[in-house]
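Analysis of the macromolecular model
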Amino acid sequence: MPSRDATTHWVGGLQKGKGEVTLDSSNAGTFAVSFPTRAGNPDGQTSPEELIAAAHSSCLAMNLSGVLESQQLVADSIDVSAEVTLGPAQGGGFEISGIAITLRAKIDGVDADKFAELAKTAERTCPVSKALSGTTITLDAALA
């Protein structure tokens, strides 16, 4: 499997500095980042937490699709949102204090209990969920 990469160029201190993160592998773009917009109003800039949310939601959608296929099922649609929270860390600094996942799917022939089981399997086996296992991840999964 290939690796993917991104780079960030930063100038200045934490509070007044600014940077740009470039998605190198895909060449999908360069995005402004700064600490004031990370900790407050995004003002059109992204943040590490938003990029983690994007990675987690897209990975889980793909992984659920694979879990469903292993059961000979295909969803009509899968919608996943991830809310990544930044907060103060015990002992100083900051940490990702939680990730709230909301997953909705339209799947013919699956009841709510079976879907809950499949969704939990997808979240547990999602590569990004595994990478983020050091934080609390909650899953709200339901059929749409």
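A brief structural summary. All values derive from a computational prediction rather than experimental measurement.

Mapping threonine 136 onto the fold places it in the loop between helix 4 (127-131) and strand 6 (137-143). Distance from threonine 136 to isoleucine 99, taken between C-alpha atoms, is 6.3 Å for residues 37 residues apart in sequence. Here threonine 136 is in contact with Ser97, Gly98 and Ile99, once residues within four sequence places are set aside.

Once that is clear, we can look at the sheet that holds strand 1 (residues 6-11). An order of 1-2-3 is seen for the three strands of this open sheet, with the pairing classed as antiparallel. Either end of the sheet is taken by a strand with one partner, and the two such strands are strand 1 and strand 3 (29-33). When strand polarity is set aside, the average angle formed by the axes of neighbouring strands in this sheet is 20 degrees. Alignment of strand 1 against strand 2 (residues 18-23), held across six bridges, turns out to be antiparallel.

Before going further, it helps to spend a moment on the packing of helix 2 (residues 48-70) against helix 3 (residues 112-125). As a packed pair, helix 2 and helix 3 sit with axes 9 Å apart at the nearest point and diverge in direction by 125 degrees. Put simply, helix 2 runs oblique to helix 3. Judged by the twist between their axes, the crossing of helix 2 over helix 3 is right-handed. Across from Leu60, Asn63, Leu64, Val67 and Leu68 in helix 2, the residues of helix 3 making contact are Phe115, Leu118, Ala119, Thr121, Ala122, Glu123 and Thr125. For the contact of helix 2 with helix 3, the residue count by class is eight nonpolar, three polar and one charged.

Read across the open sheet, the three strands follow the order 4-5-6; overall the sheet is mixed. The sheet terminates laterally at strand 4 (77-88) and strand 6, the two strands that pair on one side only. Within this sheet the neighbouring strands show an average axis-to-axis angle of 10 degrees, counted without direction. Pairing between strand 5 (residues 94-106) and strand 6: seven bridges, direction parallel. Within strand 6, the residue paired with alanine 105 across the bridge is leucine 143. Each of strand 4, strand 5 and strand 6 is contacted by helix 2, which is oriented at about 145 degrees to strand 4, the strand it contacts most. The strands touched by helix 3 within the sheet are strand 5 and strand 6, with strand 6 carrying the most contacts at an inclination of about 145 degrees.

Analysis parameters
Position numbers for residues start from 1 in each chain and track the written sequence from start to end. The model is predicted, so local features are restricted to residues of pLDDT at least 70 and side-chain atom pairs to those at 80 or more, both for listing and for counting; the totals for chains, interfaces and linings are taken over all residues. Side-chain numbers here rest on the full set of heavy atoms in the structure, without hydrogens or water. Comment: elements are numbered from the N terminus, with helices defined as DSSP H or I runs of at least four residues and strands as E runs of at least two. Contacts were defined at the residue level, with two residues in contact if any of their heavy atoms lie within 4.5 Å. In this analysis, strands are considered paired if DSSP registers two or more bridges between them. Axis definition: a line fitted to C-alpha atoms, limited for helices to the stretch in contact. Angles are taken between N-to-C directions and run from 0 to 180 degrees. In what follows, roughly perpendicular refers to angles from 65 to 115 degrees, roughly parallel to angles under 35, roughly antiparallel to angles over 145, and oblique to any angle outside these ranges. With the far helix as reference, a near helix turned anticlockwise by less than a right angle produces a left-handed crossing, and one turned clockwise produces a right-handed crossing. Under the scheme applied, nonpolar residues are Ala, Val, Leu, Ile, Met, Phe, Trp, Tyr, Cys and Pro; charged residues are Asp, Glu, Lys and Arg; polar residues are all the others, including Gly.

Read these as geometric descriptors, not functional statements.
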